[in-house]
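Close look at the chain arrangement
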Amino acid sequence: IATKVTGDPDVPEGEISFEANLHPLRMLDGPDETKESHFLEPIVLGDTAAAKWGTRQLPRYKGKGQVASSKWLDGQLVIVGEDKFGFVWTDIGAQTFF
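Thresholds applied
- Residues numbered from 1 in each chain as written.
- Predicted model: local features only at pLDDT ≥ 70, side-chain atom pairs only at ≥ 80, totals over all residues.
- Heavy atoms only, no water.
- Helix = DSSP H or I, 4+ residues; strand = E, 2+ residues; numbered from the N terminus.
- Buried < 20%, exposed > 50% of the residue type's maximum accessible area, 1.4 Å probe, protein only.
- Polar contact = N/O pair within 3.5 Å; in protein donor to acceptor, adjacent residues only side chain to side chain.
- Contact = heavy atoms within 4.5 Å.
- Phe/Tyr/Trp six-rings, centres within 6.5 Å; stacked < 30°, edge-to-face > 60°.

Notes on the side chain of Gln-66
Inspection of the secondary structure puts Gln-66 in strand β6 (residues 57–67). Classification of Gln-66 as buried rests on a relative accessible area of 5%. Within the local environment of Gln-66, its side chain forms a polar contact with the backbone oxygen of Ile-16, the two atoms lying 2.4 Å apart. In this view, Gln-66 contacts Val-11, Glu-15, Ile-16, Ser-17, Lys-71, Trp-72 and Trp-89; residues no more than four positions away in its chain are not counted.

This is how it looks when you write it as structure tokens:
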């Protein structure tokens, strides 16, 4: 869960900006249901990007991000190395990196 430190018109300070479950498996609601993964196929980088980021693949996880007054949209948390990550609001193509 990522909480806004500074607010903006879409998501006020202190509110949840986005969330993603990095645990590889979770149980679904019913006892007869199988496990589902939050892990998505990694983003495979080309040679130039792999050299820049020091890795060939970027792990990513399903999530939801808040926009415009508490509206939640599907998104993806992308891990970009040990000290960087980003969140992509897939429905609108917006992204932010940390």
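Topic: the packing of aromatic side chains
Tallying each qualifying case throughout the model produces 6 aromatic pairs. Pairing Phe-18 with Phe-85 gives two aromatic rings, centres 6.5 Å apart and planes at 65 degrees, and the pair type is edge-to-face. Linking Phe-18 in strand β2 (residues 16–20) with Phe-85 in strand β8 (residues 85–89), this pair joins segments that are 67 residues apart in sequence. According to the relative accessible area criterion, Phe-18 is buried, its value standing at 5%. For Phe-85, a relative accessible area of 30% translates into the label partly exposed. Here the aromatic rings of Phe-87 and Trp-89 are separated by 4.8 Å at their centres, their planes lie at 75 degrees, and the arrangement is edge-to-face. Per residue, the accessibility class of Phe-87 equals that of Trp-89, and both read buried. Following the ring pairs from residue to residue traces out a cluster consisting of Phe-18, Phe-85, Phe-87, Trp-89 and Phe-98.

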